[in-house]
Amino acid sequence: MTDDLQEARNDMVLKQLLHRGIRNPRVLDAMRKVPRERFLPPSQRDRAYADQALPVDCQQTISQPYIVALMTEAMELDGEQRVLEVGTGTGYQTAILAELAREVVTIERHAALSEQAARVLNELGYRNIEARVGDGTLGCPERAPFDAVMVTAAASRCPPALFEQLREGGVLVIPLGGRDVQTLEAVCKVGGAPESESLSACRFVPLIGEQGWH
Ligand code: SAM
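Residues numbered from 1 in each chain as written. Predicted model: local features only at pLDDT ≥ 70, side-chain atom pairs only at ≥ 80, totals over all residues. Heavy atoms only, no water.

K.L.:
What exactly am I supposed to notice about the overall build of the chain here?
P.N.:
When you go through the chain residue by residue, the secondary structure sums to six helices and nine strands. Taking 2.2 N^0.38 as the reference for a compact globule, 214 residues should give roughly 17 Å; the C-alpha atoms of the chain span a radius of gyration of 16 Å, in line with that estimate. With the C-alpha coordinates of the chain rotated into their principal frame, the extents come out at 50 × 35 × 35 Å. Taking the contacts inside the chain whose residues are at least 6 apart along the sequence as the reference set, 55% of them involve residues at least 24 apart. When the accessible surface of the chain is split by element, carbon and sulfur atoms take 48% of a total near 9700 Å². (Helix = DSSP H or I, 4+ residues; strand = E, 2+ residues; numbered from the N terminus. Rg over C-alpha atoms; globule rule 2.2 N^0.38 Å. Contact = heavy atoms within 4.5 Å. Areas by Shrake-Rupley, 256 points an atom, 1.4 Å probe, with all protein chains shown as cover.)

What follows is the structure in structure tokens.
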């Protein structure tokens, strides 16, 4: 069983990530290592390595593996960074970040999702994650600045509080656009101003909060 799941992960990395241009070896290793099935509700576990987003509790989704890898690669993590993640969801992306960064602060607006994610992350042995419940559009000023920020829900504009909490030279990855379709953007802070690069078209659930959708 364990070997089958490792084989499924290896296959996912080869067919979904390498074939689509994900190249960072540390990102590929993390995607080969983290057991995605552990973060899914029982009804979705047999689709853990499918090339698609999946429904999870609280009417939310877990992103497609390729989008997880693409967003992570854009952050260029080398093990030293302190990262803010907005939208913990199942905690799968959090685990990938925790493999690659020194420390991850993750915020989720649904307490039930946050608690479940924290339980699985703890069971898997992650000790460099702080899981918080609240409105992530406001970030976490008391832990700022962050070397990198990832927002895993869609906004019409980059929440100013999150850009403010990004250190100079850091990168913030966020899906920007309408409620239904967005573009994944990597926004660098250069001389205090945003410089954006578009990564891919995407579809995320809305970022709901004071500096997001209402
Ligand atoms: N990366 C997650 C994973 O691996 O499972 C999937 C994240 S899901 C696409 C987006 C998450 O953002 C949802 O769990 C949603 O509840 C959360 N969210 C939306 N608005 C938020 C906000 N203002 N603060 C924190 N979390 C928020």
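K.L.:
Just checking my understanding: could you explain the sheet that holds strand E6 (residues 146–151) for this structure?
P.N.:
Backbone-to-backbone hydrogen bonds join strands into a sheet, with any given pair of strands oriented parallel or antiparallel. Ordered by their spatial adjacency, seven strands build an open sheet running E5-E4-E3-E6-E7-E8-E9, and the pairing between neighbours is mixed. At either margin of the open sheet sits one strand with a lone partner, and together these are strand E5 (129–133) and strand E9 (193–202). Between one strand and the next, the sheet's axes are offset by a mean angle of 15 degrees, whatever the strand orientation. The strands that helix H5 (residues 111–123) touches are strand E4 (103–108) and E5; relative to E5, the one it contacts most, it runs at about 165 degrees. (Pairing = 2+ DSSP bridges. Axes fitted to C-alpha atoms, helices over the stretch in contact; angles between N-to-C directions.)

K.L.:
Can you walk me through the pattern of salt bridges in this structure?
P.N.:
For side chains bearing opposite charge, pairing can occur when the charged atoms are close. Within the structure shown, the criterion is met by 14 salt bridges. Measuring nitrogen to oxygen at the nearest pair gives 3.9 Å for the salt bridge that ties Arg 102 to Glu 103. We classify Arg 102 as partly exposed; its relative accessible area is 43%. In this structure, Glu 123 and Arg 119 form a salt bridge, with 2.6 Å as the shortest nitrogen-oxygen distance. Residue Glu 123 and its partner Arg 119 are located together in helix H5, separated by four residues, close to a single helical turn. (Salt bridge = Lys/Arg side-chain N within 4 Å of Asp/Glu carboxyl O. Buried < 20%, exposed > 50% of the residue type's maximum accessible area, 1.4 Å probe, protein only.)

K.L.:
For this particular structure, what's the right way to read the nonpolar core?
P.N.:
Soluble globular proteins tend to bury their nonpolar side chains together. Judged by nonpolar contacts, the single largest core of 46 residues is most densely connected at Leu 17, Met 31, Met 75 and Tyr 92. Of all the secondary structure elements, the ones that give two or more residues to this core are helix H1 (2–17), helix H2 (25–33), helix H3 (65–74), helix H4 (92–100), H5, E6, strand E7 (166–177) and strand E8 (182–190). Top contributing element to this core by residue count: H3, with seven residues. Residues contacting Met 75, with those up to four places away along its chain left out, are Val 83, Leu 97, Ala 148, Val 149, Met 150, Val 171 and Val 173. (Core = buried A, V, L, I, M, F, W, Y, C linked by side-chain atoms within 4.5 Å.)

K.L.:
Quick question: what am I supposed to make of the packing of H3 against H4 here?
P.N.:
The relative placement of two packed helices is expressed as an angle between their axes plus a distance between the axes. Across the interface, H3 lies against H4 with an axial gap of 11 Å and an inter-helix angle of 35 degrees. The interaxial crossing formed by H3 with H4 has right-handed handedness. Facing Val 68, Met 71 and Thr 72 of H3, the residues of H4 in contact are Tyr 92, Gln 93, Ile 96, Leu 97 and Leu 100. Of the residues in the contact of H3 with H4, the class split is six nonpolar, two polar and no charged. (Left-handed = near helix turned anticlockwise from the far one by under 90°. Nonpolar A, V, L, I, M, F, W, Y, C, P; charged D, E, K, R; others polar.)

K.L.:
Even after reading the chapter, I still don't get the environment of Ala 74, so can you show me in this structure?
P.N.:
Within the secondary structure, Ala 74 is located in helix H3. Residue Ala 74 is classed as buried on the basis of its relative accessible area, which comes to 18%. Along the backbone, Ala 74 and Ala 95 are 21 residues apart, and their C-alpha atoms lie at a distance of 16 Å. Here Ala 74 is in contact with Val 171, Val 173, Ala 186 and Leu 199, once residues within four sequence places are set aside.

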